[in-house]
Amino acid sequence: MPQTTTRPSADPATSTQGPDHEIVIVGGGLSGIGAAIMLDRAGFDDYLVLEEGDGFGGAWHWNTYPGVGVDIPSFAYQFSFEQISGWSRVYALGAELKAYAEHCVDKFDVRRRSRLRAAVAAAEYDDANGMWHLRLADGEVITGRYVISATGVLTKPKKPDIAGVDDFDGIVMHTARWDHAIDLTGKRVAIIGTGASAVQIIPSIADSVGHLTVFQRTPIWCLPKPDASLPWPMRLALGVAPGTKAIARLLSQSYVEVTFPLAAHFHGYVPIAGLGEKLCRFHLKRSVRDPEVRRKLTPTYSLGCKRPSFSNTYLKAFNRENVFLQTDPIETITSTGVRTMSGADHEIDILILATGFKVFERGNMPPFRVVGSAGVDLEDFWTENRFQAYYGISVPAFPNMFSILGPYGYNASSYFNLIETQSQHIVRLLKTARKRKATRIEVTKAANDAYFASALRRRRNQVFFLADCARANSYYFDDNGDVPLRAASTLETMWDANHFPLKDYNFSGAALSS
């Protein structure tokens, strides 16, 4: 395990020593792992990964609920430089994705340069010495010339804003903190929420629980899932036959591109979402027998307004006699169960919260305080100016800090494409700084303003602003009514990572002025 120097945190500007590491990466999920690998491959080997948890994998480390798995084909859900052929299914299960993360950590020697159980509490830029001071939860301070925020946004579980949620005397679990010691067999279970996690959990536990009540606020569009197991001859072929992995990846990427980036961001040109809705309605009709239940499961907003789901078993679960769909709003959680607005009491043994994560909320993006140049607070900057970042990576007044998943960086294609393109952008900056002997990299205000204005102009063709999304209760929307996703094709994101104008950044520092 790398040794770090402990420094006083009271006045970081008084430090005259060099940084502990050239680069500190916050987050040991797939973003942090990918950034570390690409940095190393580019010649930047002095990095330290700080991970809050006790293992790598991010979402695939924390989310272990029944049925957890990827929602795009596995062939597209891996690094382009580390494609494996051993997936058990077209859509891999969570344990396999966790194993893939651990595989990458070991193969590319990331583990040696990482620290687990190292939660970052705050980051402050030291203008005088041109470095970042990161204070850990235990008070230790680690310094780095550059910081890469790779914490993601779907990391902090969110409790529902429901009265009495802490008053239930039974067992309460959030989907992101599943307790496998709890036996659901024969129990009266309630699950609040019908988002992506609930879609996977509900059919996975329906046949073992005694009774399952699903409390739905907003129905989700559910598409059929082109999933299947991959027998060993097929896995063998993918591993040895020339070009098969590339073909599988290309087909998977194309499928993902059509089902979200094109459908959501270019709805004004190609209204694919309408065709998708017809497929969803057909899937719903053939899956659910009861017409009243079908009606309750039918969204009243357009496909794409919120994250859709893919499942062949979720809708069918509502045909079971022990599964009940409740759409009456919840009034309160009692000591024995859930009371709805109609006054009905649902007595339960176990309460499952499938209520998602904090996304565009204070304290989550990133999940620690960030103070940039001249004392500018990042959350205050975004509160006053709306969420924005140059290509989702850089923010003015926050030199030497880069994000993998910042506002208007992700176009919602494969998350691995985001990791690789954002890391390539960062690597290009670091190479330029090294060549120019610069110690400070900061995006210009003019470049950031122009990018933000372009992002806002592009939304006129996004489904979010052309369709009826008011009833979607979607986490895509922030408090300003913006959707900080990047309206771009995947090919455009790949091109821009290598061709953005370097003049949009100021490269400076003591080395340049000497």
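Residues numbered from 1 in each chain as written. Predicted model: local features only at pLDDT ≥ 70, side-chain atom pairs only at ≥ 80, totals over all residues. Heavy atoms only, no water.

**Notes on the confidence of the model for the protein chain**
The following threshold applies: Scored from 0 to 100, pLDDT records how confident the predictor is in each individual residue. By definition in these notes, contact holds between two residues if any of their heavy atoms fall within 4.5 Å.
On average, residues of the protein chain carry a pLDDT of 92, and 96% of them reach 70 or more. Scored below 50 in pLDDT, residues 1-14 shows 35 contacts in the model against residues more than four places distant or in partner chains.

**Side note on the sheet that holds strand β14 (residues 337-340)**
How we decide: If DSSP finds at least two bridges between two strands, the strands pair. Runs of H or I in DSSP of at least four residues are treated as helices and runs of E of at least two as strands, each being numbered from the N terminus. Axes here mean lines fitted to C-alpha atoms, for a helix over just the part in contact, with angles spanning 0 to 180 degrees between N-to-C directions.
Pairing in this open sheet of three strands is antiparallel, and the strands run β13-β14-β15 from one edge to the other. Taken across any chain shown, the strands that pair with only one partner, and hence form the sheet edges, are β13 (330-333) and β15 (345-347). Taking each pair of neighbouring strands and ignoring which way they run, the sheet shows an average axis angle of 20°. Inspection of the sheet shows β13 paired to β14 by three bridges, in the antiparallel sense. Directly across from I330, in β14, lies its bridge partner T340.

**Brief notes about the sheet that holds strand β16 (residues 350-353)**
Spatial ordering of the open sheet is given by β7-β16-β8-β9-β12, a layout of five strands whose pairing is parallel. At either end of the open sheet lies a strand with only one pairing partner, and these are β7 (171-174) and β12 (323-326). Here the strands of the sheet are splayed against their neighbours by 20° on average, with no regard to which way each runs. Both strand β9 (residues 211-215) and β12 contribute to a ladder of four bridges, which runs parallel. Paired with L212 across the strands is V323, a residue of β12.

**Focus on the packing of helix α1 (residues 30-41) against helix α3 (residues 94-107)**
Note the threshold: Oblique is the label for any angle not under 35 degrees, not over 145, and not in the 65 to 115 range, which are roughly parallel, roughly antiparallel and roughly perpendicular in turn. Left-handed is the label given to a crossing in which the near helix is rotated counterclockwise from the far helix by less than a right angle, and right-handed is the label when the rotation is clockwise. By the convention adopted, Pro, Cys, Tyr, Trp, Phe, Met, Ile, Leu, Val and Ala count as nonpolar, Lys, Arg, Asp and Glu as charged, and the other residues, Gly among them, as polar.
Running from N to C, α1 and α3 point in directions that differ by 25°, and their axes come no closer than 10 Å. As the angle between them shows, α1 and α3 are arranged roughly parallel. The two elements α1 and α3 meet at a crossing, and its hand is left-handed. Residues L30, I33 and I37 of α1 pack against A101, C104 and V105 of α3. Of the residues that constitute the contact of α1 with α3, the class distribution is six nonpolar, no polar and no charged.

**Side note on the pairing of β16**
For clarity, the threshold we go by: Buried residues are those whose accessible area, probed at 1.4 Å on protein chains only, stays under 20% of the maximum for their type, while exposed residues exceed 50% and partly exposed ones sit between those limits.
Along β16, one buried face is formed by I350 and I352 and the opposite face, lined by L351 and L353, is buried too. Direction of pairing for β7 relative to β16: parallel, over a ladder of four bridges. Residue pairing across strands places H174 opposite L353, the latter belonging to β16.

**Describing the packing of helix α10 (residues 415-436) against helix α13 (residues 490-499)**
As a packed pair, α10 and α13 sit with axes 8 Å apart at the nearest point and diverge in direction by 15°. By the angle between their axes, α10 is roughly parallel relative to α13. Crossing of α10 over α13 shows left-handed handedness. Taking contact as the criterion, the partners of N417, T421, Q424, H425 and R428 in α10 are, on α13, T490, T493, M494, A497, N498 and H499. For the contact of α10 with α13, the class distribution of residues is two nonpolar, eight polar and one charged.

**Re the packing of aromatic side chains**
Put simply, the rule reads: Side-chain rings of Phe, Tyr and Trp, where Trp is taken by its six-membered ring, are said to pair if the distance between their centres is within 6.5 Å; with planes under 30 degrees apart they count as stacked, over 60 as edge-to-face, and otherwise as tilted.
A complete count under the given rule lists 27 aromatic pairs for this structure. Relative to Y77, the ring of W60 lies with its centre 6.0 Å away and its plane at 85°, an arrangement referred to as edge-to-face. Taken as a pair, W60 in helix α2 (residues 59-62) and Y77 in the loop between α2 and α3 lie far apart in primary sequence, 17 residues in all. There is no split in this pair, since W60 and Y77 are both buried. Summarising the aromatic geometry, the rings of F79 and F416 are spaced 4.7 Å apart at their centres and angled 75° between planes, so their arrangement reads as edge-to-face. Of this pair, F79 sits in the loop between α2 and α3 while F416 sits in helix α10, placing them 337 residues apart in sequence.

**Considerations on helix α11 (residues 445-458)**
To keep things clear, this is the line we draw: To estimate the expected span of a helix, count its residues, drop one, and scale the result by 1.5 Å.
In this model, α11 (14 residues) spans 20 Å end to end at C-alpha, consistent with the 20 Å of a helix rising 1.5 Å per residue. Contacts from the buried residues of α11 go to α9 (378-385) and β19 (440-443).

**Topic: the state of the cysteines**
Defined as follows: Note that a disulfide, as used here, is simply two cysteine sulfur atoms within 2.5 Å.
Throughout the structure, instances matching the rule amount to one disulfide. Here C280 stays free of any disulfide, with the sulfur of C222 as its closest cysteine sulfur at 7.0 Å.

**Regarding unusual backbone geometry**
Here the phi dihedral of A397 falls at roughly 80°; this positive angle occurs in a residue that is not glycine. By the secondary structure assignment, A397 is in the loop between α9 and β18 (401-403). Residues other than glycine seldom take positive phi values, yet A412 does so here, at roughly 70°. With respect to the secondary-structure elements, A412 resides in the loop between β18 and α10.

**A look at the pattern of salt bridges**
Between side chains of opposite charge, a pair can form as their charged atoms come close. Inclusion rule: Put simply, a salt bridge is a Lys or Arg side-chain nitrogen that is within 4 Å of an Asp or Glu carboxyl oxygen.
Counted under the stated rule, the structure contains 27 salt bridges. The residue D127 makes a salt bridge to R440 at a minimum N-O spacing of 3.1 Å. With D127 in the loop between β4 (120-126) and β5 (131-136) and R440 in strand β19, the pair connects residues that are 313 residues apart, well separated along the chain. Put simply, D468 and R471 hold a salt bridge, and the shortest N to O gap is 2.4 Å.

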